[in-house]
Structures are given as C-alpha cells and as structure tokens.
There are 2 protein chains.
Amino acid sequence: MPIKPHVTAAQVCGFLESRIKSGEWGAEAKLPSERAISDQLQTSRVTVREALKRLEANGQIYRSNRRGWFVAPPRIDYDPSRSAHFTQYALEQGYSPYTECLMQRLIQADDDLAGKMAVAEGTQLLELHRCRGINGRLVYLEEIFLRADLWPDLIEQPPDQSLSTMLRNHYGQLFKQVDVDISIASLSAAQAEILQAPAGCSCFYISRRTLNQEGLVIEYDREYWRHDALNIKVTHQFAE
Amino acid sequence: MPIKPHVTAAQVCGFLESRIKSGEWGAEAKLPSERAISDQLQTSRVTVREALKRLEANGQIYRSNRRGWFVAPPRIDYDPSRSAHFTQYALEQGYSPYTECLMQRLIQADDDLAGKMAVAEGTQLLELHRCRGINGRLVYLEEIFLRADLWPDLIEQPPDQSLSTMLRNHYGQLFKQVDVDISIASLSAAQAEILQAPAGCSCFYISRRTLNQEGLVIEYDREYWRHDALNIKVTHQFAE
DNA sequence: GAAGAAATCTGGTGTATACCAGTTTAGCCT
DNA sequence: AGGCTAAACTGGTATACACCAGATTTCTTC
C-alpha cells in the first residue's frame, strides 16, 4: 500500500491548464522550468515533460529550444484557397507580421516538381525559401517555386514584399484556380532549427498550386506551419 | 572517452524507416515490440519509444493501445468543402468503409451551439455521434448537430446510411455554402479510448457548417480524425 | 560603460528500473 | 471442438539519475 500515490501526468496537465485558463499565465508568458514544476508538485521531471508534451500537442503551449516553455498565443485564421497574402491576414487580425527571405536560386525541375508544376523535367524554376512570423514568433516556413520563363526579372525584385500582390500587379497574371493539400508532417532537422522547434516536431504541411486562366501553374508552394499557430478556414460556395 | 557511444533516437528512426520504405514491413504490418527493438539495437526502451513517437508524429506508424505499433496505411484523400459522403470517398479510393452510430439524442442548444447554428439558445437539436473507419481501422469520430424542426422524422431513420444523401433525397434540401474550420486538437480520454489511441493524442479537428439556399444552417458537424489517416484536398475556383 | 569570459540555467537526450492494465496466447479441462 | 483460466506479452506510466549543448545571466576585465 503506497503511502504517497504517484502524481500523474494528467494531474500536472490540470495544474498547468488551470493557470493558463485563469489568465495567471497570459499569452507568451514563460512557464516555470521543468525542474521547478517537478519540485513544486513533488513529482519527477519525466512526468512533467509528459504533461507539457500533451499540452503542446493540442496547442496550448509551445517550446523554444533550450529557452523554456511558453503559453501559445491565439491561432491565426488563414484561408489557403484564397492565395491571399499572409501579411494582410495578419494585419487584419491585429498581429505584426514579419517575413524574411532565407534563400533564392534558380533550379531545374526534378521529376516530382515537374509533375506538380506540369512542366517538362529540367525546366528552369525559381525557388524561394522564406520564413514568416507574427509578433516576433516564427510560425511557418515556405518554399515557393515559380516558372522562370514566366517571371524573367523576378530574381532581381526585393523578396520581402508581398509576392502575390507583386505577381498580380507587376506581371498582370490572373489567378483562376488553386489546389490545396493539407496534411500533417514533421519538421526536418534544418527546419526545426529555424523555427526553434524540437527535432521531429509535427507540423501542418500545406501545399498549393495556383493556376492562371490558361491553365498554367504559375505558382507552387509548400508551407510548414507550427501546428499550434494556425486555424484553417475555408468557405465553399456551391454552384447554382 | 566513452567506449560505446549511445545509440540515438534518430538512428533508431533511420533503422525503422528504412524497413518501412523498403517494403519489408508493409501497410498495417506489426512492428517488433519496443523491448525487442531495444534489445536488437542495444539501446534502452525509452530511446526506442522516442523514435517511435517521432515516426508517429509524421504519420508513418500508429499504435493501438497495448497491442503494438503498426505501419500506417496510405492516407485517405478528403475534401471537407464538398459535403460529400465519406463512404463514397473511401470506395472511390479502394477502401472498405465502415460506419457505426454511437449515440443519437435530442438536446437543447447551449450558448456555443446556438451561435454556430444561428438559432436561439434552447432550440431543440438532434445530436448524432458516429465513428467511421476504413479497412477495419477506425479513423475518425464525428458529432453531428441538426435542427430538429427541419428534420422532424430523422430520429426514426436508420443511422448507418449516408446522411448527406438522405438529407438531399428525402428532405429535398439543397446545399448552398459550407464553412470549414481545420485545426489541431487532442483527443479527450473518451475519444482516445474509442479510437484506441493514447491519452492526449493529437488529432485533426474539422468542423463544418452547411447552409442551404435560405441561409439556414442545416447541418453542423465536428470531426476528430486520426492525424495520420487524412490528407485534405481542396480546390478553389476564382470567380470570373 | 563596454566587451568578453565564466558560471548558471534550460531543455534535449540518454541510462536503468519498476509496476500497472489491457491483449494475446497457451494450456488445460470438459 | 469449445470454453475457461492462467501465463506471457505489450505498451503506458512512473521513479531516479546523468550528461550535453545552447541560452541566459553574472562576473571580470579593460
């Protein structure tokens, strides 16, 4: 008959959750360290970590590599079918958006990319890597692929402005259709490092193919979102 | 200077992944037990579990409570904006769909539901809980809410047939618009038990509001999907 | 005060062990 | 062959401990 029954991970979850819900720990607040929590609740650090991972799984908290655990801010609403700019979405919802171009280069389409963009293998493509954040926190990485023949001067452009606006205004392209794929993936080691997330962290994977009126794929992009940062909203109107 | 460097979780991931990708362990195959893997690779069970959880996070494997770990079958493609029946989707993709009605009752709309369905608080609603699977594996739970005044006889109907077909044919309703919300949540203890998933397991949360031509909310449902079972595909056509 | 080095703190990852609660299997009995 | 029981097996969860690497803070030095 154990004198002191074990403190369970579920109990630790409850303890932490009540403090988050009560507002004692507001958005972006730093939680006590794992060791401090395990001392306070008379349990082991392993149990505390188990509890923290469960709260992380449903997006209530997140961690920043070796800096600590933080209360997750509200999710951003996002409609991937609208090809709309992240910047506008973020501003409309009262956030401070941030974009950084990580890489920009010309590549040749491999088998997979050629299929996705409906071009011949070896076709020259412009590849852009960007990361984007709100309120100082990086929330997703994106890899953009554009047909080099359609955007001959694009590599000269400043990469931080809204790409969709630029494509629309400067190149006069009109979007006709967007195909969106959403699933769950995990971050590669390199991606995890950029987002300051742990190795193998699960994320939202969103890929989009944008077609113009002639049916050409004018943009193909892959986004890797922190799973706790995003709420996807899609509205579909049925044809009459 | 350590004589035997530690076996890392990443190495265990590599070991398991190579066997899955090579086809040595096909879809639905049972992996060796955690203890057998840790013995074979000369590492601890904790490290093996860490590796298994990473593969679980990106949907390569899944676990069934206290039965073992299994190779995840291909994801099912699903377009939540089409209000289409799961059964049809599954059949088209060559799966054997399965549906079971777990619960069916009349309730009164609380504050939250009243808002979602655009009715007054206290309005009588029909609530249905179902679970659905493909090829013998449960993949999601759904909670459906219908206005009792619009479907007076529905509670008498056999619950296992396609609800959307039934609504369309039997009640002559035409769908006009669907609002879809997608995010990540975690399963409640009760939900986890039904899906044979571990406590606090992360899942896709999809909620849908279907409006008819008069703008009435004729159906509101919440779906909780195994995160590894689903690939969401949405196509959006821009207006001319 | 600014710059740089060192100590401290934090999560990340590994070791070994233990016991519990369902699932599956093996064996026994009828 | 069928049915029951008990043993073995599986993952789930907890203990305690140790060391690493990066982030942060503090202290020292100029």
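Here the structure is shown first, and the text comes after it.
Residues numbered from 1 in each chain as written. Chains lettered and ligands numbered in written order. Predicted model: local features only at pLDDT ≥ 70, side-chain atom pairs only at ≥ 80, totals over all residues. Heavy atoms only, no water.

A. Structural view of the overall build of chain A. What chain A contains, in helices and strands, is 7 helices and 10 strands. With the C-alpha coordinates of chain A rotated into their principal frame, the extents come out at 75 × 40 × 35 Å. In chain A, which comprises 240 residues, the proportion classed as buried is 54%. Contacts in chain A between residues far apart in sequence, at least 24 positions, make up 59% of those at least 6 positions apart. Total accessible area on chain A stands at roughly 11300 Å², and carbon and sulfur atoms take up 50% of it. For chain A, the centre of its 27 positive side-chain charges and the centre of its 31 negative side-chain charges are spaced 9 Å apart. (Helix = DSSP H or I, 4+ residues; strand = E, 2+ residues; numbered from the N terminus. Buried < 20%, exposed > 50% of the residue type's maximum accessible area, 1.4 Å probe, protein only. Contact = heavy atoms within 4.5 Å. Areas by Shrake-Rupley, 256 points an atom, 1.4 Å probe, with all protein chains shown as cover. Lys, Arg positive; Asp, Glu negative; His and termini not counted. Charge placed at Lys NZ, Arg CZ, Asp CG, Glu CD.)

B. Spatial organisation of the protein's contact with DNA strand C. Around DNA strand C, the structure places 24 residues, and the nearest of them are R66 of chain A together with T8, S44, T47 and R67 of chain B. Taking all atoms of DNA strand C within 4 Å of the protein, the share assigned to sugar and phosphate is 67%. In the model, a base nitrogen of DNA strand C is placed 2.8 Å from a nitrogen or oxygen of the R45 of chain A side chain. Interatomic distance of 2.5 Å between a side-chain N/O atom of R66 of chain A and a base nitrogen of DNA strand C. Taken together, the elements giving at least two residues each to the surface near DNA strand C come down to α2 (34-40), α3 (45-57) and β2 (68-71) of chain A together with α3 (45-57) of chain B. It is α3 of chain B that contributes the most residues to the surface near DNA strand C, 4 residues altogether. Residue composition of the surface near DNA strand C, by class: 4 nonpolar, 9 polar and 11 charged. (Near = heavy atom within 4 Å. Polar contact = N/O pair within 3.5 Å; in protein donor to acceptor, adjacent residues only side chain to side chain. Nonpolar A, V, L, I, M, F, W, Y, C, P; charged D, E, K, R; others polar.)

C. The interface of chain A and chain B, seen in detail. With 37 residues of chain A in contact, the opposing surface of chain B contributes 37 residues. When the two sides are added together, the surface that chain A and chain B hide from each other amounts to roughly 3300 Å², 49% of it contributed by carbon and sulfur. Viewed at the interface, chain B and chain A are joined by 4 salt bridges. Across the chain A-chain B interface, the total number found is 20 residue pairs in polar contact (both at pLDDT 80 or more). Taken together, the residues of the side of chain A that touches chain B break down into 13 nonpolar, 14 polar and 10 charged. In the sheet, strand β7 (residues 175-186) of chain A pairs with strand β10 (residues 230-237) of chain B via 6 bridges, with the strands oriented antiparallel. When the sheet's bridge partners are listed, I182 of chain A is paired in β10 of chain B with I232 of chain B. (Buried area = accessible area lost by both parts, 1.4 Å probe. Salt bridge = Lys/Arg side-chain N within 4 Å of Asp/Glu carboxyl O. Pairing = 2+ DSSP bridges.)

D. Representation of helix α1 (residues 9-21) of chain B in the model. Residue and element names in this part refer to chain B. Taking 1.5 Å per residue as the helical rise, α1 with its 13 residues ought to reach 18 Å, and the 18 Å between its terminal C-alpha atoms agrees with that figure. Every buried residue of α1 is accounted for by A9, V12, C13, F15, L16 and I20. Down the axis of α1, the buried side of the element spans an arc of 165°, and every buried residue falls inside it. Of the surrounding elements, those touching the buried residues of α1 are α2 (34-40), α3, β1 (61-64) and β2 (68-71). Downstream of α1 by one or two residues, G23 has phi in the positive range, about 90°. (Expected span 1.5 Å × (residues − 1). Arc of directions from axis to C-beta.)

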